[in-house]
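If you want the building blocks of each chain, they are given just below.
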Amino acid sequence: MIRLVLILFVFMSAGCASAADSGSIYHDDWIDFNKNGQKDVYEDSSADINARIDDLISQMNLKEKTCQMTTLYGYQRVLGDALPKPSWKQKVWKDGIGAIDEHLNGFVGWGRPPQDNPYVWPASKHAWAVDEVQRFFVEETRLGIPVDFTNEGIRGIESYKATNFPTQLGIGHTWNRELVRRIGEITGQEARLLGYTNVYSPILDVGYDQRWGRYEEVYSESPFLCSELGIEMVKGLQKDFQVASTAKHFAVYSVNKGAREGFSRVDPKTSPREVENIFMMPFKRVMEETDLLGVMASYNDYDGVPIEGSKYWLTERLREDLGFKGYVVSDSDAVMYLYNKHKVAEDYKEAVRQSVEAGLNVRCTFRSPSSWINPLRELVREGSVSMDTIDARVRDILRVKFLVGLFDKPYVEDHDEADKVVYSEEHRKVALQASRESLVLLKNKGGMLPLAQDRIKRIAVCGPNADDGRYATTHYGPQAVEVSTVLDGIRERAGENFEVLYTKGCDLTDKGWPATEILPSPLNDEEKAEIAKAVANARKSDVAVVVVGGNVDTCGENKSRTSLDLPGKQRELVKAVYETGTPTVVVLISGRPLSINYVDKYIPAVLAAWYPGSEGGRAVADVLFGDYNPGGKLSVTFPRYVGQLPMNFLAKPASQANGRVRVNGFIYPFGHGLSYTTFKYSNLQISPKVQRPDGNIEVSVDVQNTGDRAGDEVVQLYTRDLVSSVTTYVKNLRGFDRISLKSGEKKTVSFTLRPRDLRLLNRDMEWVVEPGEFNVMVGRSSEDIRVSGKFAIANEADFEAMQEKLKQLETAARYVHASNAERDNPAANAFDGDLDTRWSSGARDPYLDLELVDGAKPGEIGIAWYKGDERQYGFEIQLSGGGGQWMTVYKGKSSGKTTDVETYEFDGFRASDLRIIGHGSNANAWTAITEIKLAEFKGN
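Taking an unreviewed UniProt entry as the reference, the protein chain is identified by name as Periplasmic beta-glucosidase belonging to Anaerohalosphaera lusitana. The record held by UniProt for the protein chain lists under Sequence similarities (unreviewed entry) the comment "Belongs to the glycosyl hydrolase 3 family."

K.L.:
So, unusual backbone geometry: which residues are in play, and what are the values?
P.N.:
Along the chain, Trp121 connects to Pro122 via a cis peptide bond; the corresponding omega equals 10 degrees. You can see Pro122 is positioned in the loop between β2 (99-101) and α5 (123-140). Cis geometry marks the peptide bond from Phe250 to Ala251; its omega dihedral reads 15 degrees. Examined against the element boundaries, Ala251 turns out to sit in the loop between β5 (244-250) and α9 (272-279). Positive phi outside glycine occurs at Leu104, with the angle close to 55 degrees. Residue position: Leu104 is located in the loop between β2 and α5. For Leu104, a relative accessible area of 0% corresponds to the buried category. A positive phi angle, near 60 degrees, is found at Tyr423, a position not held by glycine. Looking at where Tyr423 falls in the secondary structure, it is placed in the loop between α16 (415-421) and α17 (425-438).

K.L.:
Residue-level account of the domain arrangement of the protein chain, with values.
P.N.:
Segmenting the protein chain into domains produces domain 1 (27-415), domain 2 (438-652), domain 3 (677-795) and domain 4 (806-939). Domain 1 and domain 2 are separated by 36 Å when their C-alpha centres are compared. Summing both partners gives a buried area of about 3,900 Å² for domain 1 against domain 2, and 55% of it is carried by carbon and sulfur. Contact with domain 2 buries area across many residues of domain 1, yet His173, Gln210 and Arg211 alone supply 20% of it, more than any other trio. Note that Glu557 is salt-bridged to Arg214, the shortest N-O span being 3.3 Å. Joining domain 1 to domain 2, the criterion identifies 31 residue pairs in polar contact (both at pLDDT 80 or more).

K.L.:
Could you give an account of the packing of aromatic side chains, naming the residues involved and the relevant values?
P.N.:
A full pass over the atoms with the stated rule returns 37 aromatic pairs. With centroids separated by 5.9 Å and ring planes inclined at 90 degrees, the aromatic side chains of Trp88 and Trp93 adopt a geometry described as edge-to-face. On the accessibility criterion, Trp88 (0% relative accessible area) is buried. Look at Trp93 and you get buried, because its relative accessible area is 7%. Each member of the aromatic cluster is reached from another via a ring pair, and the members are Trp175, Phe224, Phe649, Phe670, Tyr718 and Phe736. Across from the ring centre of Tyr337, 4.8 Å away, lies the NZ or CZ of Lys341, which sits over that ring. One Lys or Arg, Arg692, reaches over the ring of Phe799 and ends 3.9 Å from the middle of that ring.

Each value, and the rule that gives it
Residues numbered from 1 in each chain as written. Predicted model: local features only at pLDDT ≥ 70, side-chain atom pairs only at ≥ 80, totals over all residues. Heavy atoms only, no water. UniProt positions renumbered as here; feature names shortened; annotations may be inferred. Helix = DSSP H or I, 4+ residues; strand = E, 2+ residues; numbered from the N terminus. Buried < 20%, exposed > 50% of the residue type's maximum accessible area, 1.4 Å probe, protein only. Domains from an automatic or database assignment. Buried area = accessible area lost by both parts, 1.4 Å probe. Salt bridge = Lys/Arg side-chain N within 4 Å of Asp/Glu carboxyl O. Polar contact = N/O pair within 3.5 Å; in protein donor to acceptor, adjacent residues only side chain to side chain. Phe/Tyr/Trp six-rings, centres within 6.5 Å; stacked < 30°, edge-to-face > 60°. Lys NZ or Arg CZ within 6 Å of the ring centre and 35° of its normal.

Here's what the structure looks like:
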């Protein structure tokens, strides 16, 4: 290491003379940061981390402490120099700096080309330049405290070049924990080799309103899925503490009123219980299961109190409740917003005080560090902020720096290694895998896909997203990588095998957009001409691929929409191409789900690609032509119309019920995704069937690939708390596993349900696991459930009784068969001895078939009706002696006067089965029975 550092020193910029001979501070196993000629505790890598922090803080003065509490934005953002200059000795950072953000990462500004200077690429030159900046702080400041080089990294580390992954929304659709862990490892490894030590990733916000501009950055609208993937990303990033992971945005950030957002993002509309169940879950789970080192505090308020100035959020919840041990960084101008937007501080100085007292460690924004440091120092001198508070904030910052090894290895040790690893072929293969796994086949009528390449002589490609790869090179990720667009991918596949005809077809948006979202304009001559070109190409082709959706112009930070329809004239383009009669495929590239009602109704094959990263075009072509079998599943839902919002997978009972004067349901539900093969689910096992509140439930299911080609399946497990002290969601995702199966292969997939998966916030806002019954549902999506079962949680006093009840239900379930039932109200409920449960169906004339004991000759039956004291139900009873022949022996109505069991007598005969047919009630067509008493029932 001594030899390497000496070599680096030769390249030190000429004007930056060292305060001490570099050879005198670098030793075999330590660095003399304070240049006093002896190994201090904080310089001793073998010392306890808390002792090292205590020692360093004891040597720091106010200037040095306050300098640690701010960020200096990098070259061409705030910092005017790529490398140190003599003038730095007169800057405020002569006393050190907490972090330098986005230095030499290529980003200059939204919509602008990346930086073009000698230090952004190759990777080795970049690493050398960052080291030179680091050397200034190690060698030229009194205590030599290294800088935390921070950077964005939600789709690969933001640099001129680095491995480029799909956005988080795309990654969420992979449902692949191992892949997300690997993405984190690669992002962290490349970051550290480039000189960065802290990556602003992952985003733990939960998708709520599909109009929201930053929807492209969420993993899912399921807090459970966000949690699971967020955990893996943090573990990958922080592998061996190669970098710190800073999760964002804390807290309650992604639920703005009507999805509208300004830079302060105010007024989230959500209840305290929903905050905990949905928006806090990912942060809570990540902090329980990882050593997360960073959190970015969000701009917004909650219930009138800005997060940035809230001790409740930044100290009581974050540190005391969640146990966070890292440092909190502000999101851009969040401190300033306390003063100039939220209006809870009379001036900026007061905003600084509120932030620090609340728990903020580091201010990070596009302003000079002195704009924060100077008022902070004044506050300390005045006694408005205590030195104890400053020490506590600095302690958190230093702890992160010690953990990531900045005091042991402050420099990139091997610049040549950066050239070998960053944006390497090996890493790009992982990016291609991520792009492939993120693709979701939404529709495939008649098995149109995969395309039979040997039958295609000409293919027409059109659409505003067919040859636009900007989605892969926008902010928060690599800037200047080569991007494979869908057109590139198809042309690469075509080679000399078939001809590709391309025209754009239409622009992403039209003139006057976004006003045209509410007042559409007719096609102008230019638009008609371009659509006509696409139509002509389609007529000459064997198949047409139309690539539509959104892009950086319609989705992203500060880009919330009014509508979810295809913007501009894209629908008209799709319609015109489809009406040629040429088989048509639609590929959606978008940062949010869209209301593609026309596409869903008419287009036979639809593929959702999200923002698929720099390898996206190849991945899409692989799926279209069958080289890769799509296995992605929706981590979000597709509303039919913006007027349905808010509408999500997580829903309370009847909250998304159908109506007669509105559009109902989703276009595509949560968890949906098709494959080129088929899968069979069987042999659901639940053990134990009754468990105590602090115990686990083990669930397993057999899944077999019953098709003729290999494929991936995402096995999804949902739960439902049937009766609880507060309302709970109809389905809770509580397990998933992406598996790969060869044709004919079968695998047993196992899940563990822990107490945290079953708990709720009771009426006293306490987390508890309440005794009661739970449904388990396993299937291909939230609406395509293949197997289901039941278990119960019971206290000691009720344990044996609950075991007997579930045993009785299992027995009854074997001998009662329903023509139709609501999933949470199965037929066996009518035999559990509980008038609070029911079998119910909204279908027309549903029936229950009951198997009878041998030689049975029934003559009476008892039935209790749901709300039987309010409603009169019509029904009939039939008997069968076998052979599928049924004879009606009773037809009538319930009394409408009681919820208890009513007995109905009839002239029976020797029979093997009894059928109850429901004809609805005087209230509606719904049939609901709470209990059945039949002496001859085989399930008794």
